Amino acid sequence: MSILVKGGVVVNSHTRRQLDVRLDGEKIVELGADLAVKDSEVVDASGCFILPGFIDAHTHLELNNGYADTSDNFTTGSVAAVAKGTTTVIDMATPDRGKSLADCLATWNALAENKASCDYNYHMSIIEWTPAIAKEIPEMVKAGVTSFKMYLAYDNLRTTDAELYEAMKAIKSVNGMLGVHCENGEIINQLQKDYLAAGKTGPENHPLTRPNALEAEAVNRYLTIANTVGLAVNIVHLSTKESLAVVKRARAHGQKVYVETCPQYLTLTDDLYRLPDFEGAKYVCSPPLRSQADQEALWQGVIAGDVNTISTDHCDFDFAAKEKFGKADFTKIPGGLPGVETRPAIVYTTGVATGKISIERFVALLSENIAKQFALYPQKGVIQLNSDADIVVWDPEAQDVISQQTQLQHCDYSAYEGFQTTGKAKFVFLRGKKVAEDGKVIAPRTGRFVFRKVNQEA
Ligand SMILES: [Zn+2]
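Let me begin by describing the structure that accompanies this report. (Residues numbered from 1 in each chain as written. Predicted model: local features only at pLDDT ≥ 70, side-chain atom pairs only at ≥ 80, totals over all residues. Heavy atoms only, no water.)

## Description of the sheet that holds strand β5 (residues 27-32)
Rule in force here: Strands are labelled as partners when DSSP assigns at least two bridges between them. To qualify as a helix, a DSSP run of H or I must reach at least 4 residues; to qualify as a strand, a run of E must reach at least 2; elements of each kind are numbered from the N terminus. To get an axis, a line is fitted to the C-alpha atoms, and for a helix only the part in contact is used. The angle between two axes follows their N-to-C directions and goes from 0 to 180 degrees.
The 4 strands are arranged β5-β4-β1-β6 in an open sheet whose pairing can be described as mixed. Here the strands that pair on one side only, and so sit at the sheet edges, are β5 and β6 (41-44). Put simply, the sheet's adjacent strands are angled 25° from each other on average, direction ignored. Alignment of strand β1 (residues 3-6) against strand β4 (residues 20-24), held across 3 bridges, turns out to be antiparallel. Note on β4: the bridge partner recorded for Ile3 is Leu23.

Next comes the structure, spelled out in structure tokens:
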């Protein structure tokens, strides 16, 4: 039976119109003013926005970092996502050293298949460059995984500049998309050694050993190499004003650069690392939270369009795990924050409700731009005929308070405890099926792998 979402205001990245939306099967089949009910089931969207399902292009839903497991897995993380309006995630698939990308893809499929409550795809991580891995790049594209992730930080993940250069050439040859974690890992290692040698072991030292300049240097190096290859590239979790300046300079010279930031860099600051009783460890993520000045620069970037997308870098380790591994040595604190659940309400509250950005821009940042960049568009990221019926009926007035007590993310803390939010997903549809209502998932495990082509405009 078809469904008629009636009485709401349909918002895409450049339009907002009072329209009813009819869903049938997995697709949007009719859009129009005051559509006749016919034999459709009616969903009342009056007073609400009708938004394309949100896409989170940066999650680590289920991960072992070498010594600790995330508190979420695909089952729980995807429930937390879809309950609050995120209908698709692009998770970071990370192979073990010496193993093939095909092995990694099989592992991630096994993690997600028949468990995910939202749709999903992956960015395939490249942590070393060998002839065998070079051969696998086109294979990944054939399998529908058309974006890749590399690291300039973390000893177990980072490659050399030469490896990055070679990988970029291979990715360019298949029109793939690359995202890189930009921090200068070698210098961070040295700073960490110096701090530990001086007896500085607490979480307040985490941001001091990962200063802004080491991100900006890595961004500059990455963009320089990409420019040599002629590859359009993505910068994941950009967090500093200096990095944004580097991006603007590269763009002024004609380079195509996509920029992602995350809610934590728009809302939290580095003074949290100095909380007493090891509480600062809750906020250990990399790049670290930054200063108020960085936050203001990022918001300016969001408003001006210099920042293209907002995803979460969801990677939650329990506070108990952070204490267990990192109490005596801040460099051992498992890094990452929970966030896949709270992104829509936090960005709506701090961005749209404050008047910083329009609801249209909100849709672009959390859905349409991501769909376009990662070749999910127009299947996803837009409310239009024949698109997947991934729809969020968003109540702009609903008030809520974020708390660990009520969150669906399986984490023993929230980075936003007590934060008051405005705006909430009232109903969430995934490919035509109502999967969540008032923050609760009513049809779990509806998610499936979404095959992606390549972004021809990159
Ligand atoms: Zn990440």
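## As for the coordination of the zinc ion
Our working rule: In this analysis a donor is any N, O or S atom within 2.8 Å of a metal ion (3.2 Å for sodium, potassium and calcium), and since water is not included, sites may seem incomplete.
For the zinc ion, every protein donor is listed as His58 (NE2), His60 (NE2) and Asp313 (OD), and the spread of their distances is 2.0 to 2.1 Å. Here the donor residues of the zinc ion are spaced in sequence according to H-x1-H-x252-D.

## With respect to the layout of surface pockets
Which entries qualify depends on this criterion: Residues are said to line a cavity or pocket when one of their atoms sits within 4 Å of a point; the points come from a 1 Å grid over protein atoms alone, cavities being sets where a 1.4 Å probe fits but cannot get out and pockets being open sets with protein on both sides within 12 Å along at least five of seven lines. Grid points are joined across faces, edges and corners, and a volume is the space filled by probe spheres set on the points. Under the convention adopted here, Pro, Cys and the residues Ala, Val, Leu, Ile, Met, Phe, Trp and Tyr are nonpolar, Asp, Glu, Lys and Arg are charged, and Gly plus all remaining residues are polar.
Size it by volume and the largest pocket reaches roughly 1,200 Å³. As for the largest pocket, its lining consists of 49 residues, and the residues nearest its centre are Asn65, Gly66, Tyr154, Asn156 and Leu157. For the lining of the largest pocket, the element with the highest residue contribution is helix α2 (residues 101-112), accounting for 5 residues. Here the residues of the lining of the largest pocket sort into 19 nonpolar, 19 polar and 11 charged. Approximately 480 Å³ is the volume attributed to the second largest pocket. When contributions to the lining of the second largest pocket are tallied by element, the ones reaching two or more residues are β14 (257-261) and α12 (359-373). For the lining of the second largest pocket, the residue count by class is 8 nonpolar, 7 polar and 6 charged.

## What to know about helix α3 (residues 131-142)
Short version of the rule: Only protein chains enter the accessibility calculation, which uses a 1.4 Å probe; a residue is then buried when its area is under 20% of its type maximum, exposed when over 50%, and partly exposed in between. Think of it as the arc spanned by the lines of direction from the helix axis to the C-beta atoms. Whether two residues are in contact is decided by their heavy atoms: any pair within 4.5 Å suffices.
Those residues of α3 not exposed but buried are Ile133, Glu136, Ile137, Met140 and Val141. Relative to the axis of α3, the buried residues are bounded by an arc of 145° and lie together on one face. Opposite the buried face of α3, by more than 90 degrees, sit the exposed residues Pro131, Lys135 and Lys142. Buried residues in α3 make contact with α2, β10 (119-125), β11 (147-151) and α4 (161-173).

## Side note on the pairing of β10
Quick reminder of the rule: Crossover handedness is defined here as right-handed if the route from the first strand over the helix to the second strand goes clockwise, with the strands pointing away from the viewer.
Judged by how many residues are buried, β10 sits mostly within the fold: 7 of 7 residues are covered. Going residue by residue along β10, you find Asp119, Asn121, His123 and Ser125 tucked away on one face and Tyr120, Tyr122 and Met124 tucked away on the opposite face as well. Across 6 bridges, strand β9 (residues 86-93) lies against β10 in parallel orientation. Bridge assignment links Met92 to a residue of β10, and that residue is His123. Handedness of the β9-α2-β10 crossover: right-handed. Relative to β11, β10 is paired through 2 bridges, and the arrangement is parallel.

## Section: the packing of aromatic side chains
Heads up, the condition is: Working definition: rings of Phe, Tyr and Trp (its six-membered ring) pair if their centres are within 6.5 Å, and the pair is stacked with planes under 30 degrees apart, edge-to-face with planes over 60 apart, and tilted otherwise. In our convention, an over-ring charge means Lys NZ or Arg CZ found within 6 Å of a ring centre and within 35 degrees of that ring's normal.
Evaluation of the coordinates by the stated rule reveals 13 aromatic pairs. Ring centres 5.8 Å apart and planes at 80° place the aromatic pair Phe54 and Trp394 in the edge-to-face group. Remark: Trp394 occurs in strand β16 (residues 391-401) and Phe54 occurs in strand β8 (residues 54-59); sequence separation between them is 340 residues. Each ring, one from Tyr348 and one from Trp394, has its centre 5.4 Å from the other, and the planes form 55°; the classification is tilted. Here Tyr348, found in helix α11 (residues 343-352), pairs with Trp394, found in strand β16; they are 46 residues apart in sequence, far enough to count as distant. Judged by relative accessible area, Tyr348 falls into the buried class, the value being 5%. Judged by relative accessible area, which is 1%, Trp394 ranks as buried. Through successive ring pairs, a cluster of aromatic residues spans Phe54, Tyr348, Phe362 and Trp394. Of note, Lys282 hangs over the ring of Phe319, and the distance from its end group to the ring centre comes to 5.1 Å. We note Lys372 situated over the ring of Tyr377; from NZ or CZ to the ring centre the distance is 4.8 Å.

## Thoughts on the environment of Lys256
For Lys256, the location among the structural elements is in the loop between α7 (241-252) and β14. The exposure class assigned to Lys256 is partly exposed, which follows from its relative accessible area of 41%. With residues up to four places along the chain from it excluded, the contact list for Lys256 reads Leu231, Ala232, Val233 and Glu457.

## Observations regarding α2
As a reminder, the rule being used: Here the expected span of a helix is defined as 1.5 Å times the quantity of residues minus one.
Taking 1.5 Å of rise per residue, 12 residues should cover 16 Å, and α2 covers 16 Å from first to last C-alpha, within 8% of that figure. Along α2, the residues that are buried comprise Leu101, Cys104, Leu105, Trp108, Asn109, Leu111 and Ala112. The arc enclosing the buried residues of α2, seen along the axis, measures out at 155°, which places them on a common side. On the buried face of α2, the contacting elements are α1 (74-83), β9, β10 and α3. Trailing α2 by a residue or two, Asn114 shows a phi angle of about 65°, which is positive.

## A word on the pairing of strand β18 (residues 433-437)
Across 4 bridges, the pairing between strand β17 (residues 420-430) and β18 is antiparallel. Looking across to β18, one finds that Val428 is bridged to Ala436. Counted along the chain from β17 to the antiparallel partner β18, the turn is 2 residues long, and its residue Arg431 has a positive phi close to 45°. With 2 bridges connecting them, β18 and strand β19 (residues 440-441) associate as antiparallel partners. Its bridge partner being in β19, Glu437 is matched across the sheet by Lys440.

No statement about biological role is implied by the geometric values presented.
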